[in-house]
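This is what each chain is made of:
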Amino acid sequence: MTACDQRERAPNPPVAYESKLGCTCNDYRQPNGLLAKAKYGEDIIIGVIDTGITPESPSFADDGYGPPPSKWKGVCQVGPSFKAKSCNRKLIGARWYIDDDTLRSMSKDEILSPRDVVGHGTHTASTAGGNIIHNASILGLAAGTVRGGAPRARVAMYKTCWNGVGCSAAGQLKAIDDAIHDGVDILSLSLGGPFEDPGTLHVVAKGIPVVYSAGNDGPIAQTVENSSPWLLTVAAATMDRSFPVVITLGNNDKFVAQSFAISGKTSSQFGEIQFYEREDCSAENIHNTVKGKIVFCFFGTKFDSERDYYNITKATSEKGGIGVILPKYNTDTLLGDTLLTLPIPLVAVDYEITYRIYQYIKENDGTPKVKISLTQTTIGKVSAPKVAAFSSRGPSYIYPGVLKPDIAAPGVTVLAAAPKAFMDAGIPYRFDSGTSMSCPHVSGIIAVLKSLHPQWSPAALKSAIMTTALTYDNNGMPIQANGKVPKIADPFDYGAGVVNPNMAADPGLIYDIEPSDYFKFFNCMGGLGSADNCTTVKGSLADLNLPSIAIPNLRTFQATTRTVTNVGQANARYKAFLYTPAGVEMTVDPPVLVFSKEKKVQSFKVTIKATGRPIQGDYSFGSLVWHDGGIHWVRIPIAVRIVIEEIYSKIS
């Protein structure tokens, strides 16, 4: 779920504007809302390539559904724990793929069928196209209504990923071919790897949008995955929902953090603090002295991963401790199911709170004490969205001339359908975080847009999503990017911004691309390397008609051409507003585009020139916005790097 009352404003006066964020929490109750107009994505077929699916989940029940669309040619491939009746009028198809190497190496708990053992595929499929389910929660947290982006879409699962061994590349290619044959309308792949998958180009050429996750290796630069220009690559952002716990010290000082504390004595009474300093804080150093106490660790160097936090908490519990408070700069990846399975509360606090607690302990002459409250769920009281710390960042090391990621969507602590093991324990919905979770959000949104605009190409749908994206949060401030040092987000963090479904349904102008241009691009690139000198795509790679501009090697000046198609009112006049990257001058010719019934398509040229005496530089960012004087603000991001000497190291 995301905020339903955020506003977006253009970067600077005099072009301030407002637009309503597309809701994903309660707009299914609005009779004239986007979902209602799109009939909730009814009969759009979303193909998901993942770890399988849990057919018993309420998210995939078929009450009220008619037969599958007549174009559907898929099958329900049976196997252990997955019978022919596991498919229905909602889950209309399921296949599985395995090779000999995977078969030899996969986990012993895996099942040779479309059955999901891991839970990843079930979660992503329900996020994209799951039913509307009221009164959902996980152990009382995040209570409300859960649904997919297109809740009346049909779902088809292609299981190519297996517990213990990851995903089969050969299986993925075969699944893609089968999905095209079966008749899917959209392919959603919450997968990634170091190299690109050229097989997806043929899917897009068939008119089927392909949505991929950007990867979870952030906040490090040049880690973005799935950066081919024909893909829609999705970064992860937070929501305006938080899970606060209150930490109360013995002197009655109170601090608010986020965690999942759902039971335990810590909520009703103070416990003595067991203090560990720096490297002394490790699972191996937790001793019986912590019995009945709450462990607090000051800064240390052994906190390398979430696993370290969990191990310290488990060791504390085994020795009789009742809670743990540890320092952490960010909780984007910590707030997940594992936290709920811990026997005692684990609360991560920022470094300022860490120091305040440390001061209290050092200044206390008696016995320092602390109390941890039970977790609450709050909505709308935190700044959001923010780019998640783990979300992979651009620029692409494979295609530096293609700005990636394209867009960001909710991907932190997303509540969606759980595998059967959870359901058997009475937990039908679970939390998960990652760009794997943000990817199906966009897949579901595309299903809704495709319902409204069935004639739009994959490039047109991608353009509509990118050119209407949000760059300001629910407080009217520039969207932030989480990381070891939080900062204002830039296009390498979130692409064009955070997805804005309502505005994407009526973008005004679109940047369309013929599949033949993608093929020219791919043939020029050979699938790898830099395309700076390629001249087979309308003059250069920079002229590929993407809704973004990336110039990784600007020496003096470079001109690039774009073409837009009017999909709004027939007679329209758009004026250009330029937000120029630092260190360059930028012009657009012509600065005004006039459309009519006879003239729906127009081209323009953007020229970017290094100013003054050029020096070797890093990327700077800007944008180009076309405005029709009304509701349409058609914005594309721009990234430019000045390079004088090719042999000059880009690592300082």
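For the structure, check the block above.
Residues numbered from 1 in each chain as written. Predicted model: local features only at pLDDT ≥ 70, side-chain atom pairs only at ≥ 80, totals over all residues. Heavy atoms only, no water.

Remarks on the overall build of the chain
Put simply, the test is: Under the scheme used here, helices are H or I runs from DSSP no shorter than 4 residues and strands are E runs no shorter than 2 residues, and both carry numbers assigned from the N terminus. Only protein chains enter the calculation, and the probe is 1.4 Å; a residue is then buried if its accessible area is under 20% of its type maximum, exposed if over 50%, and partly exposed in between. Throughout, a residue-residue contact means that at least one pair of heavy atoms, one from each residue, lies within 4.5 Å.
Scanning the chain from N- to C-terminus turns up 14 helices and 34 strands. Classification of the 652 residues of the chain by burial places 59% in the buried group. In the chain, the share of contacts with a sequence separation of at least 24, taken over all contacts with a separation of at least 6, comes to 72%.

A closer look at helix 8 (residues 351–363)
For clarity, the cut-off: Expected span of a helix, by definition, is 1.5 Å for each gap between consecutive residues, and there is one gap fewer than residues. To be clear, the arc concerns the directions from the helix axis to the C-beta atoms. Polar contact criterion, stated in full: a pair of N or O atoms within 3.5 Å, where within protein one must be able to donate a hydrogen and the other to accept it, and residues adjacent in sequence count only if both atoms are side-chain atoms.
For helix 8, which comprises 13 residues, the first-to-last C-alpha distance of 18 Å matches the rise-based estimate of 18 Å (1.5 Å per residue) to within 8%. For helix 8, the set of buried residues is Ile353, Thr354, Ile357, Tyr358, Tyr360 and Ile361. The arc that holds the buried residues of helix 8, viewed along the axis, is 160°, so those residues lie on one side. Opposite the buried face of helix 8, by more than 90 degrees, sit the exposed residues Glu352 and Glu363. Between the side-chain oxygen of the N-cap and the backbone nitrogen of Glu352 there are 3.1 Å, and the N-cap of helix 8 in question is Asp350.

Considering the packing of aromatic side chains
Two numbers describe a pair of aromatic rings. These are the distance of the centres and the angle of the planes. In plain terms, the rule: Stacked, tilted and edge-to-face are the three classes applied to pairs of Phe, Tyr and Trp rings, where Trp contributes its six-membered ring and a pair requires centres within 6.5 Å; stacked means planes under 30 degrees apart, edge-to-face means over 60, and tilted covers the rest. Two conditions define a charge sitting above a ring: the NZ of Lys or the CZ of Arg must be within 6 Å of the ring centre, and it must be within 35 degrees of the ring normal.
Counted according to the given criterion, the structure contains 15 aromatic pairs. Ring geometry for Phe275 versus Tyr358: centroids 5.9 Å apart, planes at 50°, classification tilted. One end of the pair, Phe275, is in strand 14 (residues 271–276); the other, Tyr358, is in helix 8, with 83 residues separating them in the sequence. With a relative accessible area of 21%, Phe275 lands in the partly exposed category. Between Phe298 and Tyr358 the ring centres are 4.1 Å apart and the planes differ by 20°, which places this aromatic pair in the stacked class. Placement of the pair is Phe298 in the loop between strand 15 (294–297) and helix 6 (306–318) and Tyr358 in helix 8, with a sequence separation of 60 residues. Taken together, the aromatic side chains of Phe275, Phe296, Phe298, Tyr355 and Tyr358 make up a single cluster linked through ring pairs. Cation over ring: Arg152 sits above Tyr65, and NZ or CZ is 3.9 Å from the ring centre. A cation sits over an aromatic face here: Arg430 above Phe422, 5.3 Å from the ring centre.

Here we look at the sheet that holds strand 33 (residues 619–627)
Just so we agree on the cut-off: In short, DSSP must find at least two bridges between two strands for them to pair. For every element, the axis is a line fit to its C-alpha atoms; helices are fit only across the contacting stretch, and the angle between N-to-C directions ranges from 0 to 180 degrees.
Across the sheet, five strands lie side by side as 27-34-33-29-31; this open sheet has mixed pairing. Strand pairing shows two members of the sheet lacking a second neighbour, strand 27 (549–554) and strand 31 (592–595), which therefore form its edges. Direction aside, the axes of adjacent strands within the sheet are offset by 20° on average. Across nine bridges, the pairing between strand 33 and strand 34 (residues 633–642) is antiparallel. Looking across to strand 34, one finds that Val625 is bridged to Arg635.

Some details on the environment of Ile642
Following the sequence through the fold, Ile642 ends up in strand 34. Using a relative accessible area of 12% as the deciding quantity, one classes Ile642 as buried. Each C-alpha atom of the pair Ile642 and Arg555 lies 5.9 Å from the other, and the pair is 87 residues apart in sequence.

Some thoughts on the pattern of salt bridges
Quick note on the threshold: Whenever Lys or Arg places a side-chain nitrogen within 4 Å of a carboxyl oxygen from Asp or Glu, that contact is recorded as a salt bridge.
Tallied over the entire structure, the rule returns 21 salt bridges. Ionic pairing is found between Asp337 and Arg430, a salt bridge with its closest N-O pair at 2.5 Å. Residue Asp337 is found in helix 7 (residues 337–341), and its partner Arg430 is found in strand 23 (residues 429–432); the two are separated by 93 residues along the sequence. Look at Arg430 and you get buried, because its relative accessible area is 10%. Among the charged side chains, a salt-bridge network with shared partners connects Arg95, Lys174, Asp178 and Asp182.

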